[in-house]
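Structure assessment
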Amino acid sequence: MIQPEKIEMTKEEYELINEFVTKHFGITFPEHKKMIFESRLRPRLQALRLQTYMDYYLRLQFDPKAELSMLAVQLTNNESYFFRETKQFDSLFGSIFDELKASSLFPGPLRFLCAGCSSGDEPYTLRIYSMEHRRKFGGELPQISAVDLDPQRLAMAQVAEYGMRSMRALNEAQIARYFTRIAPERFLLNSEYRQGIDFALANLLDLATFRKAMAYDVIFCRNVLIYFSDEAFHKTITNFARCLRPGGLLFLGHSETILGQSHHFEPVRLDSCLAYRRLACD
Ligand SMILES: C[S@@+](CC[C@H](N)C(=O)[O-])C[C@H]1O[C@@H](n2cnc3c(N)ncnc32)[C@H](O)[C@@H]1O
């Protein structure tokens, strides 16, 4: 039996598996990332006692259900932390808030979607901001739906325990206010910040997995589309247009843009960041 660390991925294997991954998840690994792709998949070959990446590809072809969630766990980049790029949160709960609330189509709380929520740092930051601005909501804090492809990250989000990497943008006072220390470098998010969030497994390519009966008022999809193929990018933006109400806002990561790429949205400058407003007609 060949030592797993000695198994190399051929160009053909890389192309076939990458195509499969893009079709199912939207994520693509350009050729200069082939080594990363190969090393992230190697543990699966080891676990399944397979001899070649072609064996793994055939397994994906003939029994995809069994392997898809493991594939998502291996391949997704899950980097996230609390209070990441806070200018967007500051604008949402500051200058644009009244307009957003006034234009809401439905009675009751605002509905936020956190698309690609990883281990929960981002939706929990939204919850913390909501609580800090609770007077604006007249008692009804936003309902937050948080979805991701990776079941292990969602399980971590539900436990809500974090290490220092997740805390790196917080100061001591914020850590003391929002968390309880459970080990020297381990923190549990306090229970009031864990309410009002519905975590679910979903695929952004498949609208049925994350669409709700009532449209969302705000979608955060930050640092997700950057890993997508062009086709998956456009499909996801169209999916967002279908589940965001007219006048609703889409926030992307600072290195992502849909400028000139979707007729469903118009850019809106908010203080020192950009958001995209869902237009009323298609
Ligand atoms: C780099 S993290 C970003 C986390 C968070 N939005 C932030 O900015 O801190 C990207 C997340 O998107 C998720 N993701 C990637 N493709 C996805 C898809 N097709 N559907 C749902 N989630 C996906 C990954 O599992 C990962 O947790």
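See the structure printed just above.
So, a few notes on the structure that sits alongside this text.

Here's the deal with the site of the ligand
- Close to the ligand lie 21 residues; F25, S80, R84, D148 and N223 are nearest.
- Between a nitrogen atom of the ligand and a main-chain N or O atom of L204, the distance comes to 3.0 Å.
- At 2.9 Å from a nitrogen atom of the ligand is found a main-chain nitrogen or oxygen belonging to R222.
- Considered class by class, the residues forming the shell around the ligand number 7 nonpolar, 8 polar and 6 charged.

Side note on the packing of aromatic side chains
- The final tally for this structure, using the stated rule, is 18 aromatic pairs.
- For the pair F29 and F37, a centre-to-centre distance of 4.8 Å together with 40° between the ring planes defines the contact as tilted.
- In this structure F29 comes out as buried when scored by relative accessible area, which is 6%.
- Ring geometry for F93 versus F137: centroids 6.2 Å apart, planes at 70°, classification edge-to-face. Here the residue F93 occupies a position in the loop between α5 (87-92) and α6 (97-102), and F137 occupies one in the loop between α7 (121-132) and β2 (143-148), the gap between them amounting to 44 residues.
- Exposure remark for F137: the relative accessible area of 5% places this residue in the buried category.

Some words on the pattern of salt bridges
- Overall, the coordinates contain 15 salt bridges when judged by the stated rule.
- R165 is the salt-bridge partner of E79, the closest N and O atoms lying 3.0 Å from each other. Of this pair, E79 sits in the loop between α4 (64-75) and α5 while R165 sits in the loop between β3 (161-162) and α9 (172-178), and the two are 86 residues apart along the sequence.
- The exposure class assigned to E79 is partly exposed, which follows from its relative accessible area of 31%.
- Between E85 and R84 there is a salt bridge, with its nearest N and O atoms 4.0 Å apart.
- Several salt bridges converge on common partners, so that one network encompasses K34, E38 and R42.

Observations concerning the sheet that holds strand β4 (residues 179-183)
- Judged by pairing direction, the sheet is antiparallel, and its 3 strands sit side by side in the order β3-β5-β4 without closing on themselves. In the strand order of this sheet, the two ends are held by β3 and β4, each with one partner.
- Sheet topology note: the β3/strand β5 (residues 186-189) ladder contains 2 bridges and is antiparallel. Considered in β5, the bridge of Y162 is made with F187.

Considerations on the pairing of β5
- Residues F187 and L189 of β5 are buried on one face, while the alternating residues R186 and L188, pointing to the opposite face, are not.
- Here β4 pairs with β5 via 4 bridges, running antiparallel. Paired with A183 across the strands is R186, a residue of β5.
- From the end of β4 to the start of β5, which pair antiparallel, there are 2 residues.

Some words on unusual backbone geometry
- The backbone of R49 shows a phi angle near 55°, a positive value even though the residue is not glycine.
- If you trace the backbone, R49 turns up in the loop between α2 (34-48) and α3 (53-62).
- A positive phi angle, near 45°, is found at D271, a position not held by glycine.
- Relative to the elements of secondary structure, D271 occurs in the loop between β9 (265-270) and β10 (273-278).

Here is what the cut-offs are and how they apply
- Residues numbered from 1 in each chain as written.
- Predicted model: local features only at pLDDT ≥ 70, side-chain atom pairs only at ≥ 80, totals over all residues.
- Heavy atoms only, no water.
- Near = heavy atom within 4 Å.
- Polar contact = N/O pair within 3.5 Å; in protein donor to acceptor, adjacent residues only side chain to side chain.
- Nonpolar A, V, L, I, M, F, W, Y, C, P; charged D, E, K, R; others polar.
- Phe/Tyr/Trp six-rings, centres within 6.5 Å; stacked < 30°, edge-to-face > 60°.
- Buried < 20%, exposed > 50% of the residue type's maximum accessible area, 1.4 Å probe, protein only.
- Helix = DSSP H or I, 4+ residues; strand = E, 2+ residues; numbered from the N terminus.
- Salt bridge = Lys/Arg side-chain N within 4 Å of Asp/Glu carboxyl O.
- Pairing = 2+ DSSP bridges.

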